[in-house]
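Understanding the architecture of this molecule
Single-letter residue listing:
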Amino acid sequence: MSQPPPPNQPPGPPPTGGYGPPPEPGPGPGSGDGTGGYGFPTAPAPGTPPSAQPVVPGGQPGQPGYGYPQQPPPPATPPSPYASPYTTGEQTAGGSSFGAPTAPGPYKAPTLGYGPSGPAFPGPGGPSGPVAPGGPSGGPSRTKILIAVATVFALVLVAGGAYLVFGNDEGGEPAAQEEPSGEPGGDGGGGGEEPGGAALPEQAISASLAWEVPAFEPTPEESLVEAKGHWWLDDAFVRVMPDEVVSYDLATGAENWSLPFESADGNCLASPNVSENRIALLQGRDCEELTVVDISTGDEVLTMPLDTVHSTSFDTYPWILGDTVVIGTGTAGVGYSISEERKLWESQSADRCSETEFMVVDETIISDYPCGTFSEPQGGSIRATDEAGQEQWVWEYPATHEELIVDVTAVLSVEPLVVEVSLSEDAFGSGESQLWVIDEAHQEVQAVLDYNTDHYTAPCEVTIFHNCSASAIAGGYLFLATMEPGLEGNALVAFNLSNGQPAYEVRPINGGQIRPFGVQDGQVLAYQAATTDLEGMVVAVDPETEEIRPIMALDRAARAQEASMGGSLFPHDQQPLWRDDTFILVNFKFYSEALNEPRAMLVYR
């Protein structure tokens, strides 16, 4: 049902510190009509990235049949000040919701029975090659309808058997490699530098499939089960499986420990970040219990009821920073103290503005702070605060731009601030997705990228505020993958963040499908999926020289396992990860009718 857009009402001034509702609104900037007020630049002229030939680096991968040219060219927690008018809870721990940790034991991967035929090698975007677009984010509401529709669509494709088969190479057992080292870290959003980790290798590593984890098998009644959440430690990789949290030894794949869920009926989510070796996760039928786990030991630190008047659900994310856990319910924000085991603050339903979504980047809490109502949005702000709630910076966004309703749907990067917005005619319609670059002072829109969802893979997962893992930002450029079918492959396009224009493109080595997934040592990391002729590889792109070079050749004998991780319709169903010369492919979604025997994890070293 179509409704007229609300009147142009700017948001009130941002709060001066702390969490909770801002003071009463006063005069604000204009409604952002594209000619002034919020400082939108002149509309960029259409541009087509030049078809620059990729620079093929020197150095052989050291593995037969890799397909490189024969003659390579040159080559501290503060005290909490939450004295707020919100109703506080004096809840104590509600008792353990985990089973006892299981005894460590060697991981034994089952025999997978690949005989004369196995799964084909579709590109990372689906059976036919390119990644399907995520599409517009769907207007101001963070509705679950899009997720449900996407899930049904994926199930139809998978159940319909939209996969090819072909012969599998013979290969020996993968050998375990030497342990890596590094500082604990996690992912707090797309486009950023991976915390910790060693320098990238100068020569390409010829990697073995060190170990793998078979896929979780849902019952036919479940159809689809999700398991999001993964974290690096010095010598371990911890991830959420559908019914437990498991720590794996990076070198061998042996289980260090596991904590079974006892009340995870709601398919709940865990904090995408880790702080002081601790994570937060939700449990319960409606995700109404908060649990904190020390992932270095597998010990449960806390379990308590959320004690909130706002509903939580399967798409509610907790975030952890020091002694504080923050939760955005989509309509309000809630904060909890771990040491005191109680609620610190909570937005009220009558608040004109309140936090609805959070993410943690380094030691900073980033929150979306919209104003107004669903049907009559009045702009809002993106805020950065420390753990104590002290504001570090704020960017106010308008209620409308060029007479279209503005909804900030995701944050791709914090330094610089790059956001995804949806522009729609009314609150109930799907909108046009745009990428905005905000200036260093957080006052104006510095550039609007010459980007559209018809030509580029959507950088962010639909309706997820923090997950923009299909993008990377380095050296003043935002890298996105194009959608181009066929064996010749797609490309990475580097957008200049100062003006929003595509500056150059980089083609994958020897063709195929490529996607960016991170940044290390100022280099953009990208994954090239395996084809019927070539194993996959991890490459690095230098944003200054525009050169692409391989840093790891994946196990040629394990192409079938690799292909099983790349057949999803949606690019965020699986995630490539890199740290300390270790490459991991993680699968987050498990279908009961999957025909290509996907793995839960593949670890290359």
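Thresholds, definitions, all that
- Residues numbered from 1 in each chain as written.
- Predicted model: local features only at pLDDT ≥ 70, side-chain atom pairs only at ≥ 80, totals over all residues.
- Heavy atoms only, no water.
- Helix = DSSP H or I, 4+ residues; strand = E, 2+ residues; numbered from the N terminus.
- Buried < 20%, exposed > 50% of the residue type's maximum accessible area, 1.4 Å probe, protein only.
- Areas by Shrake-Rupley, 256 points an atom, 1.4 Å probe, with all protein chains shown as cover.
- Salt bridge = Lys/Arg side-chain N within 4 Å of Asp/Glu carboxyl O.
- Pairing = 2+ DSSP bridges.
- Axes fitted to C-alpha atoms, helices over the stretch in contact; angles between N-to-C directions.
- pLDDT = per-residue confidence, 0-100.
- Contact = heavy atoms within 4.5 Å.
- Disulfide = S-S within 2.5 Å.
- Phe/Tyr/Trp six-rings, centres within 6.5 Å; stacked < 30°, edge-to-face > 60°.

Let's talk about the overall build of the protein chain
For the protein chain, the count of helices and strands is two helices and 37 strands. Here the protein chain holds 605 residues, and the buried ones make up 58% of them. Carbon and sulfur atoms make up 51% of the accessible area of the protein chain, which totals about 23,500 Å².

Digging into the pattern of salt bridges
All told, the structure shown has 14 salt bridges when counted by the stated rule. Residue Glu535 is joined to Arg556 by a salt bridge in which the shortest nitrogen-to-oxygen separation is 2.9 Å. Of this pair, Glu535 sits in the loop between strand S31 (523-528) and strand S32 (537-541) while Arg556 is found in the loop between strand S33 (548-553) and helix H2 (559-563), placing the two residues 21 residues apart along the sequence. Within this structure, Glu226, Lys228 and Glu461 form a network of salt bridges that share partners.

Section: the environment of Leu302
Within the secondary structure layout, Leu302 lies in strand S12 (residues 299-305). When its relative accessible area of 2% is taken as the criterion, Leu302 is described as buried. When the C-alpha atoms of Leu302 and Leu290 are compared, they prove to be 7.7 Å apart, with twelve residues separating the residues in sequence.

Re the sheet that holds strand S11 (residues 289-294)
On the basis of which strands lie adjacent, the open sheet formed by three strands has the order S10-S11-S12 and antiparallel pairing. A single partner strand is all that each edge strand has here, and the edge strands are strand S10 (278-283) and S12. Averaged over all adjacent pairs, the angle separating strand axes in this sheet is 20 degrees, with direction ignored. Here S10 runs beside S11; their pairing, made up of six bridges, is antiparallel. Its bridge partner lying in S11, Ala280 is registered against Val292.

Notes on unusual backbone geometry
A cis geometry characterises the amide bond from Glu415 onward to Pro416, with omega recorded as 0 degrees. Here Pro416 is to be found in the loop between strand S22 (404-413) and strand S23 (418-424). Positive phi, close to 50 degrees, is recorded for Glu402, a residue that is not glycine. Relative to the assigned elements, Glu402 resides in the loop between strand S21 (400-401) and S22. With a relative accessible area of 48%, Glu402 lands in the partly exposed category. The backbone of Asp581 shows a phi angle near 60 degrees, a positive value even though the residue is not glycine. Residue placement: Asp581 occurs in the loop between strand S34 (574-579) and strand S35 (582-587).

Concerning the confidence of the model for the protein chain
Confidence in the prediction for the protein chain averages 75 pLDDT; 66% of positions are at 70 or higher. Throughout residues 1-17 the model reports pLDDT below 50, and contacts reaching past four residues in sequence, or to other chains, amount to 49 contacts. Confidence drops under pLDDT 50 across residues 20-39; counting only partners more than four residues distant or on other chains, this segment forms 53 contacts.

Digging into the state of the cysteines
Applying the stated criterion across every chain, the model contains three disulfides. Residue Cys353 pairs covalently with Cys371 via a disulfide, S to S 2.0 Å. Disulfide Cys353-Cys371: the torsion about the S-S bond is 110 degrees, which places it as right-handed. Of the two residues, Cys353 is situated in the loop between strand S16 (342-346) and strand S17 (357-361) and Cys371 in strand S18 (residues 364-372); the sequence distance between them amounts to 18 residues. Among the residues examined, Cys371 registers a relative accessible area of 6% and is labelled buried. Each sulfur in the disulfide pair Cys460 and Cys468 lies 2.1 Å from the other. Given an S-S torsion of about 100 degrees, the disulfide between Cys460 and Cys468 has right-handed geometry. Here Cys468 falls in the buried class, since its relative accessible area comes to 0%. The disulfide pattern of the protein chain is 1-2, 3-4, 5-6 when the bonded cysteines are numbered in sequence order.

Brief notes about the packing of aromatic side chains
Pairs of aromatic rings are described using the distance from one ring centre to the other and the angle between the two planes. Evaluated as defined, the whole model comprises 14 aromatic pairs. Between Phe517 and Phe583, the aromatic rings sit 6.0 Å apart at their centres with planes inclined by 55 degrees, giving tilted as the arrangement. Taken together, the residues Phe517 in strand S30 (residues 514-520) and Phe583 in strand S35 connect sequence positions 66 residues apart. A connected cluster of aromatic rings, assembled from ring pairs, spans Phe517, Tyr527, Phe583 and Tyr604.

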